[in-house]
Amino acid sequence: DQQVKQNSPSLSVQEGRISILNCDYTNSMFDYFLWYKKYPAEGPTFLISISSIKDKNEDGRFTVFLNKSAKHLSLHIVPSQPGDSAVYFCAASAGKSGAGSYQLTFGKGTKLSVIP
Amino acid sequence: DSGVTQTPKHLITATGQRVTLRCSPRSGDLSVYWYQQSLDQGLQFLIQYYNGEERAKGNILERFSAQQFPDLHSELNLSSLELGDSALYFCASSVGPGGVNTQYFGPGTRLTVL
């Protein structure tokens, strides 16, 4: 049972446009969400996170939106740059609620290609 | 550079063998997590240690074990290796035990079992 789902395995976007990566989750105990970026042969690199008490968090070109009622989050990258081309993973944890352990549950990733 | 180091970077071994993967967390981080990434399963949580003690267990096989030492580095031991154990193994660290503490990942160890 996949608790974190990234339904789009890949996404292509023109340089300068907006990239929108989506993530859905099923476990209502998740209360902290993160996005990681991963290049081949490297470990995941933390990008941005959001706590369940917020619905938006912004950091430079990256914005994460959380819709708790829909159990959906999205990552917006504006403007997209060729260097953003990588696999993006959505992850969630249920630690703060105390009901789960603190591990991250990952989606299977979306490969973003930004075309110059 | 996340500050998390893992050795070795690559490991090739045979079925039935035993290997040890090593992880050093970021300076000041007390929590260490191990994850496995295989082609079809994505990143799967294996086990977490916090300040030397096991904190949480995920999909870790009985043939696998881990520990965290007083200097906070951690080792993941994989024994009686099978072909299906071939994967990338990542270590991550965080300041606290979890929750809103962001986990920072090392570069990984690629294990190939022949």
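Residues numbered from 1 in each chain as written. Chains lettered and ligands numbered in written order. Predicted model: local features only at pLDDT ≥ 70, side-chain atom pairs only at ≥ 80, totals over all residues. Heavy atoms only, no water.

Topic: the overall build of chain A
Put simply, the test is: The way it works is that DSSP assigns letters per residue, a run of H or I at least four long becomes a helix, a run of E at least two long becomes a strand, and they are numbered from the N terminus. Each residue's exposure class comes from its accessible area (1.4 Å probe, protein chains only) as a fraction of the maximum for that residue type: buried when under 20%, exposed when over 50%, partly exposed otherwise. Here, two residues are considered to be in contact whenever any of their heavy atoms come within 4.5 Å of each other.
Looking only at helices and strands, chain A has zero helices and eleven strands in total. Going from the N terminus to the C terminus, chain A shows its helices and strands as β-β-β-β-β-β-β-β-β-β-β. The C-alpha extent of chain A, read off along each of the three principal axes, is 45 × 30 × 20 Å. Here chain A holds 116 residues, and 46% of them are scored as buried. Taking contacts inside chain A between residues at least 6 apart in sequence as the whole, the part at least 24 apart equals 55%.

Some details on the nonpolar core
Worth spelling out the cut-off: The set of buried Ala, Val, Leu, Ile, Met, Phe, Trp, Tyr and Cys residues whose side-chain atoms join them within 4.5 Å is what this entry labels a nonpolar core.
Ranked by internal contacts, the top residues of the largest apolar core, which has 24 residues, are Phe33, Trp35, Leu73, Leu75 and Tyr88 of chain A. Of all the secondary structure elements, the ones that give two or more residues to this core are β3 (19-25), β4 (32-38), β5 (45-51), β7 (62-67), β8 (72-77), β9 (86-93) and β11 (110-115) of chain A. Broken down by element, this core gets its largest block of residues, four residues, from β9 of chain A. In this structure, Tyr88 of chain A is in contact with Gln6, Leu21, Trp35, Tyr36, Lys37, Leu47, Leu75, Ile77, Gly109, Thr110 and Leu112 of chain A, ignoring residues within four places of it in sequence. Membership of the second largest hydrophobic core comes to 20 residues, among which are Val19, Val32, Ile47 and Leu78 of chain B.

Quick look at the interface of chain B and chain A
One frequently used descriptor of interface size is the decrease in accessible area upon assembly of the parts. Our working rule: Salt bridge, as used here, is a side-chain nitrogen of Lys or Arg placed within 4 Å of a carboxyl oxygen of Asp or Glu. Residue type decides the class: Asp, Glu, Lys and Arg count as charged, Ala, Val, Leu, Ile, Met, Phe, Trp, Tyr, Cys and Pro as nonpolar, and the leftover types, Gly among them, as polar.
Every contact between the two is made by 24 residues of chain B and, on the other side, 20 residues of chain A. Counting across the interface, chain B meets chain A through zero salt bridges. A class-by-class count of the residues in the side of chain B that touches chain A yields twelve nonpolar, nine polar and three charged.

With respect to the state of the cysteines
Quick reminder of the rule: When the sulfur atoms of two cysteines come within 2.5 Å, that pair is taken as a disulfide.
If you walk through the whole model with that rule in mind, you get two disulfides over all chains. Across the disulfide from Cys23 of chain A sits Cys90 of chain A; the S-S distance is 2.0 Å. Looking along the S-S bond of the Cys23 of chain A-Cys90 of chain A disulfide, the torsion reads about -70°, which is the left-handed sense. Note that Cys23 of chain A is positioned in strand β3 and Cys90 of chain A in strand β9, a separation of 67 residues in sequence. Of the two residues examined, Cys23 of chain A and Cys90 of chain A, each falls in the buried class. Here Cys23 of chain B connects covalently by a disulfide to Cys91 of chain B, the sulfurs 1.7 Å from one another. Between Cys23 of chain B and Cys91 of chain B the sulfur-sulfur dihedral comes to about -45°; the bridge is accordingly left-handed.

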